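Structural features, examined
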Amino acid sequence: MIKIYNDGKRITAALVGDIDHHAAREMREQLDDVIARSRPELLILDLAGVGFMDSSGIGLILGRSRAVRAVGGELLVKNADYEIAEVIRISGLGHLIAAQPNTL
Amino acid sequence: MKKVLINECKAVFPALSRNESISRSIAAAFLLQCDPTVEETAAVKTAVSEAVTNAIVHGYRNSKGYVEMLMKLFDNNTVYIRIKDKGAGIADVKAAMEPMFTTAPADEERSGLGFTVMENFMDKVRVRSVLGEGTTVTLEKKIGGKPLDKR
(Lines give C-alpha, C1' and ligand atoms only; values in the text may rest on other atoms or scores of the structure.)
Protein backbone atom coordinates (compact mmCIF):
# COMPACT_ATOMS: atom_id res chain seq x y z
CA MET A 1 0.00 0.00 0.00
CA ILE A 2 1.16 3.52 -0.72
CA LYS A 3 0.05 6.84 0.75
CA ILE A 4 0.97 9.86 -1.32
CA TYR A 5 1.61 13.33 0.12
CA ASN A 6 1.93 15.89 -2.63
CA ASP A 7 3.46 19.22 -1.75
CA GLY A 8 3.69 20.86 -5.16
CA LYS A 9 7.00 19.79 -6.61
CA ARG A 10 7.88 17.50 -3.75
CA ILE A 11 6.13 14.19 -3.26
CA THR A 12 6.42 11.86 -0.33
CA ALA A 13 5.28 8.30 -0.94
CA ALA A 14 4.82 6.40 2.29
CA LEU A 15 5.14 2.70 1.49
CA VAL A 16 3.36 0.35 3.86
CA GLY A 17 3.86 -3.39 4.26
CA ASP A 18 6.47 -5.85 3.04
CA ILE A 19 8.34 -5.07 -0.18
CA ASP A 20 9.05 -8.31 -2.02
CA HIS A 21 8.66 -9.48 -5.60
CA HIS A 22 4.94 -10.04 -5.05
CA ALA A 23 4.23 -6.59 -3.58
CA ALA A 24 6.72 -4.58 -5.65
CA ARG A 25 4.72 -4.92 -8.85
CA GLU A 26 1.71 -3.00 -7.58
CA MET A 27 3.81 -0.38 -5.79
CA ARG A 28 5.74 0.19 -8.98
CA GLU A 29 2.58 0.87 -11.00
CA GLN A 30 1.27 3.35 -8.44
CA LEU A 31 4.59 5.18 -8.16
CA ASP A 32 5.08 5.38 -11.93
CA ASP A 33 1.60 6.82 -12.22
CA VAL A 34 2.41 9.53 -9.66
CA ILE A 35 5.75 10.32 -11.33
CA ALA A 36 4.14 10.63 -14.77
CA ARG A 37 1.32 12.85 -13.49
CA SER A 38 3.23 15.12 -11.12
CA ARG A 39 6.79 15.12 -12.50
CA PRO A 40 8.23 15.78 -9.02
CA GLU A 41 11.49 17.61 -8.39
CA LEU A 42 11.92 15.39 -5.37
CA LEU A 43 10.32 12.01 -4.72
CA ILE A 44 10.82 10.79 -1.17
CA LEU A 45 10.15 7.13 -0.47
CA ASP A 46 9.28 6.93 3.21
CA LEU A 47 9.93 3.37 4.43
CA ALA A 48 8.80 3.90 8.05
CA GLY A 49 5.85 1.57 7.44
CA VAL A 50 7.92 -1.15 5.78
CA GLY A 51 8.81 -4.08 8.01
CA PHE A 52 10.56 -6.17 5.38
CA MET A 53 12.34 -5.57 2.11
CA ASP A 54 14.48 -7.84 -0.05
CA SER A 55 16.32 -7.17 -3.31
CA SER A 56 13.01 -6.78 -5.15
CA GLY A 57 12.83 -3.46 -3.29
CA ILE A 58 16.17 -2.54 -4.81
CA GLY A 59 14.71 -3.04 -8.28
CA LEU A 60 11.77 -0.88 -7.24
CA ILE A 61 13.93 1.94 -5.84
CA LEU A 62 16.40 1.88 -8.72
CA GLY A 63 13.66 1.84 -11.34
CA ARG A 64 11.84 4.78 -9.72
CA SER A 65 15.09 6.68 -9.31
CA ARG A 66 15.59 6.39 -13.07
CA ALA A 67 11.98 7.36 -13.78
CA VAL A 68 12.24 10.48 -11.61
CA ARG A 69 15.57 11.44 -13.14
CA ALA A 70 14.01 11.10 -16.59
CA VAL A 71 11.61 13.94 -15.67
CA GLY A 72 14.43 16.01 -14.16
CA GLY A 73 13.88 15.09 -10.53
CA GLU A 74 15.64 13.27 -7.74
CA LEU A 75 14.73 10.37 -5.46
CA LEU A 76 15.59 9.87 -1.81
CA VAL A 77 14.74 7.15 0.68
CA LYS A 78 14.08 7.86 4.33
CA ASN A 79 13.17 6.05 7.55
CA ALA A 80 14.48 2.64 6.45
CA ASP A 81 15.09 0.45 9.48
CA TYR A 82 18.53 -1.06 10.05
CA GLU A 83 18.15 -4.29 8.05
CA ILE A 84 16.45 -2.56 5.14
CA ALA A 85 19.14 0.13 5.04
CA GLU A 86 21.67 -2.70 4.99
CA VAL A 87 20.03 -4.23 1.90
CA ILE A 88 20.12 -0.78 0.27
CA ARG A 89 23.77 -0.27 1.18
CA ILE A 90 25.04 -3.64 -0.02
CA SER A 91 23.25 -2.96 -3.29
CA GLY A 92 25.31 0.19 -3.78
CA LEU A 93 22.36 2.55 -3.37
CA GLY A 94 23.45 3.97 -0.01
CA HIS A 95 23.72 7.42 -1.55
CA LEU A 96 19.92 7.47 -1.97
CA ILE A 97 19.35 7.27 1.79
CA ALA A 98 18.51 10.76 3.02
CA ALA A 99 21.31 12.06 5.23
CA GLN A 100 19.02 14.43 7.13
CA PRO A 101 15.57 12.84 7.00
CA ASN A 102 14.10 15.26 9.54
CA THR A 103 14.63 18.20 7.21
CA LEU A 104 12.66 16.53 4.40
CA MET B 1 32.54 -33.06 17.50
CA LYS B 2 29.64 -34.25 15.42
CA LYS B 3 26.68 -31.92 15.40
CA VAL B 4 23.37 -33.41 16.42
CA LEU B 5 20.09 -32.69 14.70
CA ILE B 6 17.63 -31.16 17.14
CA ASN B 7 14.63 -30.44 14.95
CA GLU B 8 13.54 -30.20 11.35
CA CYS B 9 10.59 -29.02 9.36
CA LYS B 10 9.67 -29.18 5.69
CA ALA B 11 7.31 -26.95 3.77
CA VAL B 12 6.25 -27.58 0.18
CA PHE B 13 4.30 -24.97 -1.74
CA PRO B 14 3.45 -24.11 -5.34
CA ALA B 15 5.64 -21.53 -7.07
CA LEU B 16 3.29 -18.58 -6.59
CA SER B 17 4.59 -15.14 -5.67
CA ARG B 18 2.11 -14.94 -2.80
CA ASN B 19 4.10 -17.74 -1.15
CA GLU B 20 7.22 -15.56 -0.85
CA SER B 21 5.90 -13.93 2.31
CA ILE B 22 4.50 -17.20 3.66
CA SER B 23 7.83 -19.02 3.22
CA ARG B 24 9.82 -16.39 5.13
CA SER B 25 7.23 -16.34 7.91
CA ILE B 26 7.58 -20.13 8.23
CA ALA B 27 11.37 -19.78 8.40
CA ALA B 28 11.05 -17.06 11.06
CA ALA B 29 8.71 -19.29 13.09
CA PHE B 30 11.18 -22.21 12.89
CA LEU B 31 13.99 -19.91 13.98
CA LEU B 32 12.15 -18.79 17.12
CA GLN B 33 13.18 -21.95 19.01
CA CYS B 34 16.83 -20.80 19.08
CA ASP B 35 16.01 -17.39 20.51
CA PRO B 36 17.29 -15.27 17.61
CA THR B 37 17.88 -11.53 17.75
CA VAL B 38 15.76 -9.20 15.62
CA GLU B 39 18.74 -8.84 13.28
CA GLU B 40 19.22 -12.60 12.90
CA THR B 41 15.55 -13.11 12.14
CA ALA B 42 15.59 -10.32 9.55
CA ALA B 43 18.73 -11.77 7.96
CA VAL B 44 17.25 -15.26 7.62
CA LYS B 45 13.91 -13.93 6.36
CA THR B 46 15.65 -11.83 3.72
CA ALA B 47 17.87 -14.68 2.50
CA VAL B 48 14.92 -17.10 2.34
CA SER B 49 12.87 -14.54 0.45
CA GLU B 50 15.67 -14.16 -2.12
CA ALA B 51 16.08 -17.90 -2.66
CA VAL B 52 12.34 -18.59 -2.88
CA THR B 53 11.83 -15.63 -5.24
CA ASN B 54 14.60 -16.98 -7.47
CA ALA B 55 12.86 -20.37 -7.60
CA ILE B 56 9.57 -18.72 -8.55
CA VAL B 57 10.90 -16.08 -10.95
CA HIS B 58 13.65 -18.09 -12.64
CA GLY B 59 13.20 -21.79 -11.83
CA TYR B 60 9.55 -21.88 -12.77
CA ARG B 61 9.51 -19.03 -15.30
CA ASN B 62 8.18 -21.28 -18.04
CA SER B 63 6.70 -24.09 -16.04
CA LYS B 64 4.63 -24.85 -12.98
CA GLY B 65 5.86 -26.71 -9.98
CA TYR B 66 6.60 -26.78 -6.30
CA VAL B 67 9.25 -25.24 -4.11
CA GLU B 68 10.48 -27.29 -1.17
CA MET B 69 11.93 -25.65 1.90
CA LEU B 70 13.67 -27.95 4.37
CA MET B 71 14.82 -26.40 7.64
CA LYS B 72 17.14 -28.10 10.12
CA LEU B 73 18.37 -27.01 13.49
CA PHE B 74 21.54 -28.51 14.98
CA ASP B 75 22.78 -28.52 18.57
CA ASN B 76 25.54 -26.03 17.74
CA ASN B 77 22.82 -23.42 17.14
CA THR B 78 23.26 -23.65 13.40
CA VAL B 79 20.26 -23.42 11.14
CA TYR B 80 20.28 -24.97 7.68
CA ILE B 81 17.63 -24.03 5.18
CA ARG B 82 17.53 -25.83 1.87
CA ILE B 83 15.35 -24.36 -0.87
CA LYS B 84 14.83 -26.64 -3.80
CA ASP B 85 13.02 -26.33 -7.10
CA LYS B 86 12.65 -28.71 -10.03
CA GLY B 87 12.61 -25.90 -12.56
CA ALA B 88 14.84 -24.65 -15.35
CA GLY B 89 18.19 -24.78 -13.55
CA ILE B 90 21.03 -22.29 -13.89
CA ALA B 91 23.40 -22.54 -16.87
CA ASP B 92 26.36 -20.91 -15.11
CA VAL B 93 26.08 -20.80 -11.31
CA LYS B 94 29.29 -18.79 -10.88
CA ALA B 95 28.03 -16.08 -13.24
CA ALA B 96 24.58 -16.11 -11.62
CA MET B 97 26.13 -15.39 -8.23
CA GLU B 98 27.93 -12.29 -9.50
CA PRO B 99 26.35 -9.01 -8.31
CA MET B 100 23.90 -7.44 -10.79
CA PHE B 101 23.69 -10.59 -12.91
CA THR B 102 20.17 -11.37 -14.04
CA THR B 103 18.58 -13.21 -16.92
CA ALA B 104 15.19 -11.59 -16.31
CA PRO B 105 13.87 -9.10 -18.89
CA ALA B 106 14.73 -5.47 -17.99
CA ASP B 107 11.08 -4.50 -17.55
CA GLU B 108 10.81 -6.85 -14.58
CA GLU B 109 13.40 -4.78 -12.72
CA ARG B 110 15.17 -7.73 -11.11
CA SER B 111 18.26 -6.22 -9.48
CA GLY B 112 20.44 -9.30 -9.85
CA LEU B 113 21.41 -8.93 -6.20
CA GLY B 114 19.66 -11.95 -4.71
CA PHE B 115 22.77 -14.07 -4.13
CA THR B 116 24.74 -11.00 -2.98
CA VAL B 117 22.10 -10.37 -0.33
CA MET B 118 22.02 -14.05 0.69
CA GLU B 119 25.81 -14.13 1.07
CA ASN B 120 25.78 -10.94 3.11
CA PHE B 121 23.15 -12.13 5.54
CA MET B 122 24.08 -15.80 5.96
CA ASP B 123 27.30 -17.54 7.04
CA LYS B 124 27.29 -19.95 4.07
CA VAL B 125 25.40 -20.12 0.79
CA ARG B 126 25.73 -23.16 -1.47
CA VAL B 127 24.13 -23.53 -4.87
CA ARG B 128 23.73 -26.72 -6.86
CA SER B 129 22.00 -26.58 -10.18
CA VAL B 130 21.47 -28.83 -13.17
CA LEU B 131 20.07 -27.32 -16.33
CA GLY B 132 16.61 -28.69 -16.97
CA GLU B 133 16.45 -30.39 -13.58
CA GLY B 134 16.40 -27.64 -11.02
CA THR B 135 18.28 -25.69 -8.39
CA THR B 136 19.02 -26.26 -4.73
CA VAL B 137 20.19 -23.40 -2.53
CA THR B 138 21.43 -24.18 0.97
CA LEU B 139 21.64 -21.38 3.50
CA GLU B 140 23.44 -21.76 6.79
CA LYS B 141 23.68 -19.50 9.78
CA LYS B 142 24.80 -19.83 13.36
CA ILE B 143 22.30 -18.19 15.64
CA GLY B 144 23.68 -16.57 18.79
CA GLY B 145 21.48 -16.56 21.81
CA LYS B 146 21.54 -19.10 24.59
CA PRO B 147 22.52 -22.78 24.28
CA LEU B 148 19.73 -24.99 23.03
CA ASP B 149 17.66 -27.20 25.25
CA LYS B 150 18.38 -30.58 23.70
CA ARG B 151 15.23 -32.32 24.78
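We now turn to the structure provided with this report. (Residues numbered from 1 in each chain as written. Chains lettered and ligands numbered in written order. Predicted model: local features only at pLDDT ≥ 70, side-chain atom pairs only at ≥ 80, totals over all residues.)

For the rest of this paragraph, the subject is helix α1 (residues 19-31) of chain B. Residues and elements named next belong to chain B. Taking 1.5 Å per residue as the helical rise, α1 with its 13 residues ought to reach 18 Å, and the 18 Å between its terminal C-alpha atoms agrees with that figure. Along α1, the residues classified as buried are N19, E20, S23, R24, I26, A27, F30 and L31. What you see down the axis of α1 is that its buried residues fit within an arc of 150 degrees, all on one side. (Helix = DSSP H or I, 4+ residues; strand = E, 2+ residues; numbered from the N terminus. Expected span 1.5 Å × (residues − 1). Buried ≥ 20, exposed ≤ 12 C-beta atoms within 10 Å, placed from the backbone. Arc of directions from axis to C-beta.)

Let's shift gears to the interface of chain B and chain A. Quite often, the size of an interface is put as the accessible area lost when its parts meet. With 20 residues of chain B at the contact, the number on the chain A side is 17 residues. Put simply, the parts of the chain that give the side of chain B that touches chain A at least two residues each are α1, α2 (38-59) and α4 (114-121) of chain B. Looking at the side of chain B that touches chain A, the element that brings in the most residues is α2 of chain B, giving 8 residues. Looking at the side of chain B that touches chain A residue by residue, the class counts come to 4 nonpolar, 9 polar and 7 charged. (Contact = placed C-beta atoms within 7 Å. Nonpolar A, V, L, I, M, F, W, Y, C, P; charged D, E, K, R; others polar.)

So, about the sheet that holds strand β2 (residues 66-74) of chain B. All names here are of chain B. Spatially, the 5 strands line up as an open sheet ordered β1-β2-β3-β5-β4, and their pairing is antiparallel. In this open sheet, the two edge strands, each paired with only one partner strand, are β1 (5-14) and β4 (124-130). Taken pair by pair, the neighbouring strands of this sheet meet at an average axis angle of 10 degrees, ignoring direction. Across the face of the sheet, α1 comes into contact with β1, β2 and β3 (78-85) while running at roughly 170 degrees to β1. (Pairing = 2+ DSSP bridges. Axes fitted to C-alpha atoms, helices over the stretch in contact; angles between N-to-C directions.)

Glancing now at unusual backbone geometry. Phi angles above zero are rare outside glycine, and R39 of chain A is one such case at about 40 degrees. Looking at the element boundaries, R39 of chain A is found in the loop between α1 (21-38) and β3 (42-49). You can call R39 of chain A partly exposed: it has 15 C-beta atoms within 10 Å. For N77 of chain B, which is not glycine, the phi torsion reads 65 degrees and is therefore positive. Among the structural elements, N77 of chain B can be located in the loop between β2 and β3.

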